Amino acid sequence: MKVFAKNNNIFNLLTEAVSEGIIIVNEEQVIVATNGSANDIFGYKEQELVGQKLNILIPQKYHHNHKNHFEDFGKHSEKRKMGKGRDLYGIRKDGTEFPVEAGLNPFTIYGHNYIMALVIDITERKEKENQIKELNIALEKKIEKRTEELRQTIEELKEEVKLRMEAEAKIKESLKKEQDLNELKTKFLSLVSHEFKTPLSGILTSTTLIGKYTKTEQQEKRDKHLSTIKNKVKFLDNILNDFLSVERLESGKVKYKFTKFPLSKVVNEVVYDANMLLKDGQRIKYPKDIDDHIIDFDEKILELILTNLIRNAVKYSGENTTIDLQAIFENDLLTFHIVDQGIGIPKKEQIYIFKRYFRAENALLDQGTGIGLNIVKSHVENLGGTVTFKSKENYGSTFTVQIPITNNHNQ
Ligand code: ADP
């Protein structure tokens, strides 16, 4: 200590110009010298700190730790920065704490060990650091908020895109429906001009001839022509019904009407009508034991389904053949088989047979529109059933319709 008192002037000379605080302590941690900056930093007068324990400059709560660090430092005795990795605090004479940065330099004079601490008040720097930290936190929060907003905007955009795509698909679908309907109408017009021509001229011929059979005994001839007219009108009516059906199916206007009716009623009507179309030697076999079966179904649709299939069987079979209509009840399923011994459907064309307007090559000599089977399939499937077929060219075809049914068997 005396060394520093003795050489006070030299110490002052060397340290006063330095802006860092310089504090020199001996091995007992007693302050032996301070420079003006150190006094200013800690708020003491000149020489006031000399002879004080170093702890006077360290906040109470760090005293214990400081002791350990000091001893530890004494052992290694090398120049280093103090408080590596942790914040250091000093305490002023007025009791206020402030952050410091300190560098330690051990040295020996006349056989005594000292440590010179270089101390800087880093209050301002700390404040700036804190401000930057706060700014960073605020910035991060802002970024988080913006990211969230962006995410939400993207979600909204995605939803919007989805809605637009849905709307577009709907528009496309209705456009397609409209195009289909237009196509249907065009097709209808060309079919009317083609398909209606033959039966209409037949009707015209028959009516002209009827006019010529004026004698009473010519009744048989008149009847024959009347039956021809009836047939041809039925045929035209059938085509018109098919087209109406397609139009209703296309525009989604079909409403099914379920009623309870005896199956025999529909079968009899269908067979009766089809009988008028039979070729020479053709006959229709149908179940006679179904009088007791009352079914709950759309009567008109069942009639349309069976009429189409039986008429096809008649149309696409030759003279002296049998068309067999079978009806089988099994649990809640009603199965019809319509078996013919006709021209059959060529194997390679079988996959197209339910396509609208499709007509197999071997059927082109007979009149037809190619829409009957398509309608049958749509209705049957709409009502939860199935329609399938097996066919061999020149041997015949079997069409099978299965529909779910609540069958009330009359006892
Ligand atoms: P259309 O009979 O008016 O041509 P359909 O839709 O009823 O129309 O039948 C489509 C096609 O299926 C027919 O043109 C014919 O080629 C074939 N077809 C339908 N039923 C039979 C059948 N029983 N025997 C042979 N071919 C058939």
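Residues numbered from 1 in each chain as written. Predicted model: local features only at pLDDT ≥ 70, side-chain atom pairs only at ≥ 80, totals over all residues. Heavy atoms only, no water.

It is worth spelling out the domain arrangement of the chain at this point. Once the domains are mapped, the chain shows domain 1 (2-121), domain 2 (122-253) and domain 3 (258-404). Taken over C-alpha atoms, the centre of domain 2 sits 28 Å from the centre of domain 3. Each partner contributes to the interface: domain 2 provides 18 residues, whereas domain 3 provides 18 residues. For domain 2, the biggest contributors to the area lost against domain 3 are Lys 234, Asp 242 and Leu 249; these three give 30% of the whole. At the surface where domain 2 touches domain 3, the tally comes to one salt bridge. (Domains from an automatic or database assignment. Contact = heavy atoms within 4.5 Å. Buried area = accessible area lost by both parts, 1.4 Å probe. Salt bridge = Lys/Arg side-chain N within 4 Å of Asp/Glu carboxyl O.)

Contact geometry for helix α5 (residues 123-195) and helix α6 (residues 197-212): axes closest at 5 Å, N-to-C directions at 35°. Every residue of α6 that contacts α5 at Val 192, Ser 193, His 194 and Glu 195 is listed here: Lys 197, Thr 198 and Pro 199. Considered class by class, the residues forming the contact of α5 with α6 number two nonpolar, three polar and two charged. (Axes fitted to C-alpha atoms, helices over the stretch in contact; angles between N-to-C directions. Helix = DSSP H or I, 4+ residues; strand = E, 2+ residues; numbered from the N terminus. Nonpolar A, V, L, I, M, F, W, Y, C, P; charged D, E, K, R; others polar.)

Take the nonpolar core next. Ranked by internal contacts, the top residues of the largest apolar core, which has 39 residues, are Leu 263, Leu 302, Leu 306, Phe 336 and Ile 403. Listed by contribution, the elements that provide at least two residues to this core are α8 (263-275), β9 (293-297), α9 (299-315), β10 (322-330), β11 (333-339), α10 (372-382), β12 (386-392) and β13 (396-404). Residue contributions to this core peak at eight residues, all from α9. In contact with Ile 403, not counting residues within four places along its chain, are Phe 297, Leu 302, Asp 332, Leu 333, Leu 334, Phe 336, Val 380 and Gly 385. Counting residues in hydrophobic clusters, the runner-up holds 19 residues, among them Ile 31, Ala 38, Phe 42 and Leu 54. (Core = buried A, V, L, I, M, F, W, Y, C linked by side-chain atoms within 4.5 Å. Buried < 20%, exposed > 50% of the residue type's maximum accessible area, 1.4 Å probe, protein only.)

Here we come to helix α7 (residues 219-250). For α7, which comprises 32 residues, the first-to-last C-alpha distance of 46 Å matches the rise-based estimate of 46 Å (1.5 Å per residue) to within 8%. Following α7 by one or two positions, Gly 252 adopts a phi angle in the positive range, close to 70°. (Expected span 1.5 Å × (residues − 1).)

What follows covers the layout of surface pockets. If you roll a probe as big as a water molecule over the atoms, it shows you where there is empty space left. Of the pockets and cavities examined, the largest pocket occupies roughly 1100 Å³. What lines the largest pocket is a set of 41 residues, and nearest its centre among them are Phe 235, Arg 311, Asn 312, Lys 315 and Gln 367. Broken down by secondary-structure element, the contributors of at least two residues to the lining of the largest pocket are α6, α7, α9, α10 and β13. No other element matches the eight residues that α7 contributes to the lining of the largest pocket. Here the lining of the largest pocket spans two domains, and each of domain 2 (122-253) and domain 3 (258-404) adds at least three residues to it. One number sums up the size of the second largest pocket: a volume of about 610 Å³. Along its surface, the second largest pocket is lined by 24 residues, and Asn 241, Lys 300, Ile 301, Glu 303 and Leu 304 are the ones closest to its centre. Elements that contribute at least two residues to the lining of the second largest pocket include exactly α7 and α9. Class assignment for the residues of the lining of the second largest pocket results in five nonpolar, seven polar and 12 charged. (1 Å grid on protein atoms, 1.4 Å probe; cavity = no way out; pocket = protein on both sides within 12 Å on 5 of 7 lines; lining within 4 Å. Points joined across faces, edges and corners; volume = space filled by probe spheres on them.)

With that settled, consider the site of the ligand. Among the 20 residues in the neighbourhood of the ligand, the closest are listed as Asn 312, Tyr 316, Arg 359, Thr 369 and Leu 373. Within the contact set of the ligand, an oxygen atom lies 2.5 Å away from a side-chain nitrogen or oxygen of Arg 359. The protein chains hide 98% of the 520 Å² of surface that the ligand would expose on its own. Among the detected pockets, the ligand sits in the largest pocket. Counting residues per element, the ones that place at least two in the shell around the ligand are α9, α10 and β13. The element contributing the most residues to the shell around the ligand is α9, with three residues. (Near = heavy atom within 4 Å. Polar contact = N/O pair within 3.5 Å; in protein donor to acceptor, adjacent residues only side chain to side chain. Areas by Shrake-Rupley, 256 points an atom, 1.4 Å probe, with all protein chains shown as cover. Sits in = over half its atoms within 2 Å of the grid points.)

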